[in-house]
Amino acid sequence: MRVKARANSNIALIKYWGKKNIGLNLPAVGSISITLNELYTETSVEFKAGLSQDHLVLNGQSASAPDTGRVSRFLDIIRKRSNTGLFAEIISANNFPTSAGLASSASGFACLALAGSSAAGLDLTPVQLSELARLGSGSAARSIFGGFVEMKKGLESDGSDSVAEQIAMRKFWDLRLIIAITSEEKKKTGSTDGMIVTRDTSPYYSAWIESSENDLAEMRDAIRRRDFEALGELTEYSCLKMHALAMAAKPGLIYWNNTTIDLIHMIRDLRKKGLPVYFTIDAGPQVKAVCLPEYVGQVRDEIRKNPGVLRVIETGLGGDAMIVGEEN
Ligand code: PMV
């Protein structure tokens, strides 16, 4: 059976950076994200007799060996759990730039977990899907759920409680994100390599781990109270703290370009002028501005004035990962 799924990307308001177990992909800290409606991956999977290896088509092209290898290793977990030895044909596409700090691995592995496990005949609960997706990418565990989502670092050594959960539905609070694309290039240091060098060399790593529980508690509270200023201040704080941590690694990781920095200043200036907008940035140069619906037009117009902004994507909060097609 070929199963097609769709999963939305997500953006962390309280960031995850650092792994406590590389093999099981266990995060060293929890994180809180919002799931994004307009950025998604669609993937279809079919396990087929007669294939001598997995075949991956990514964004319309036969995928590179490293990309296929990562997907194959993930499908090996599903093959083991479902007792199948068959290889698969996987067709996957993102509706946004891949590997440029827009969390394509988040939507990609959440989608692959759902499509792959269903195609193999496994009927997993959302929590089990989240655990499976985590093995592909930490942030993917969050993309199983819509709305506001918390990823728990978990206590169990086997990772069974290192899963995400929804903390509020998308309808609870209509937040908007305006994403400024400042480069469409693939990033130079992927998040896993970046996290390893940070853990091994950044002197701020222990402080990052120690201070994380407090950030999560404050963000949960800001969401519960729908306090936009508190949410925005915490979002910028967590973003800058993560980048400072990574910049202090040896060699330091700098994911930003000139436009990224210009936009940081611009957003802070807009706030001084009375426009409630805050930024966040992942392991890439794109800037994501968070605001309430009534300010979307103004924020978009201001961001577009910067000549370094290649294009702008607007999105609200998205829903759960879901199956969109099945055929025999
Ligand atoms: O799960 P990964 O490997 O895509 O790493 C995600 C890291 C950040 O995007 C920078 C932060 C986060 O929590 O999403």
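The rules behind these values
- Counting restarts for each chain: residues are numbered from 1 in the order of the written sequence.
- Totals for whole chains, interfaces and linings use every residue, but because this is a predicted model, local features are given only for residues with pLDDT of at least 70 and side-chain atom pairs only at 80 or more, for both listing and counting.
- Note: side-chain values were computed over all heavy atoms of the structure, leaving out hydrogens and water.
- Axis lines are fitted to C-alpha atoms, over the contacting stretch for helices. Their N-to-C directions set the angle, which ranges from 0 to 180 degrees.
- We count a stretch as a helix when DSSP gives it H or I for four or more residues in a row; a strand needs E for two or more, and each element gets its number in order from the N terminus.
- An angle below 35 degrees is treated as roughly parallel, one above 145 as roughly antiparallel, one from 65 to 115 as roughly perpendicular, and anything else as oblique.
- Handedness of a helix crossing follows the sense of rotation of the near helix relative to the far helix, less than a right angle counterclockwise being left-handed and clockwise being right-handed.
- The criterion used for residue contact is that any of the two residues' heavy atoms lie within 4.5 Å.
- Amino acids are sorted into nonpolar (Ala, Val, Leu, Ile, Met, Phe, Trp, Tyr, Cys and Pro), charged (Asp, Glu, Lys and Arg) and polar (every other residue, Gly among them).
- Joining through side-chain atoms within 4.5 Å is the link that ties buried Ala, Val, Leu, Ile, Met, Phe, Trp, Tyr and Cys residues into a set, and such a set is a nonpolar core.
- The rule is simple: take the accessible area with a 1.4 Å probe, protein chains only, and divide by the maximum for that residue type; under 20% is buried, over 50% is exposed, in between is partly exposed.
- Throughout, near means a residue has at least one heavy atom within 4 Å of the molecule or strand.
- Pairs of N or O atoms are called polar contacts if they sit within 3.5 Å, as long as, within protein, a hydrogen donor faces a hydrogen acceptor (for residues adjacent in sequence, only side-chain-to-side-chain pairs).
- Accessible surface area values rest on a Shrake-Rupley calculation with a 1.4 Å probe, where residue burial reflects the displayed protein chains alone.

J.: Could you give an account of the packing of helix H5 (residues 205–224) against helix H6 (residues 228–247), naming the residues involved and the relevant values?
T.: In a pair of packed helices, the angle between the axes and the distance between the axes together describe the arrangement. Here H5 crosses H6 at 165 degrees, and the two axes come no closer than 10 Å. Between H5 and H6, the angle is such that the two are roughly antiparallel. Considering the relative orientation of H5 and H6, their crossing is left-handed. Residues Tyr 205, Trp 208, Ser 211, Asp 215, Glu 218, Met 219, Ala 222 and Ile 223 of H5 pack against Ala 230, Leu 231, Leu 234, Thr 235, Tyr 237, Ser 238, Lys 241, Met 242 and Leu 245 of H6. Residues of the contact of H5 with H6, tallied by class, amount to eleven nonpolar, three polar and three charged.

J.: Lay out the nonpolar core with the relevant residues and their values.
T.: Most often, soluble globular proteins have nonpolar side chains that are buried together. By size, the foremost hydrophobic cluster in this structure holds 34 residues, and its most contacted members are Trp 17, Ile 178, Val 277, Val 299 and Ile 303. At the level of secondary structure, the elements contributing two or more residues to this core comprise strand E10 (176–181), H5, H6, helix H7 (258–272), strand E11 (277–280), strand E12 (287–291) and helix H8 (296–304). Here this core takes five residues from H7, the largest share from any one element. Of all hydrophobic cores here, the second largest spans 33 residues; its members include Val 71, Leu 75, Cys 111 and Ala 115.

J.: An account of the site of the ligand is requested, with residue identities and associated values reported.
T.: Within the structure, the ligand sits among 14 residues, and Tyr 16, Ser 105, Ser 139, Arg 142 and Ser 191 are positioned closest to it. At 2.6 Å, a side-chain N or O of Ser 191 approaches an oxygen atom of the ligand. Note that an oxygen atom of the ligand is positioned 3.5 Å from one of the side-chain N or O atoms of Asp 282. Protein coverage of the free-state accessible area of the ligand, which is 380 Å², stands at 94%. Tallied by class, residues from the shell around the ligand come to six nonpolar, five polar and three charged.

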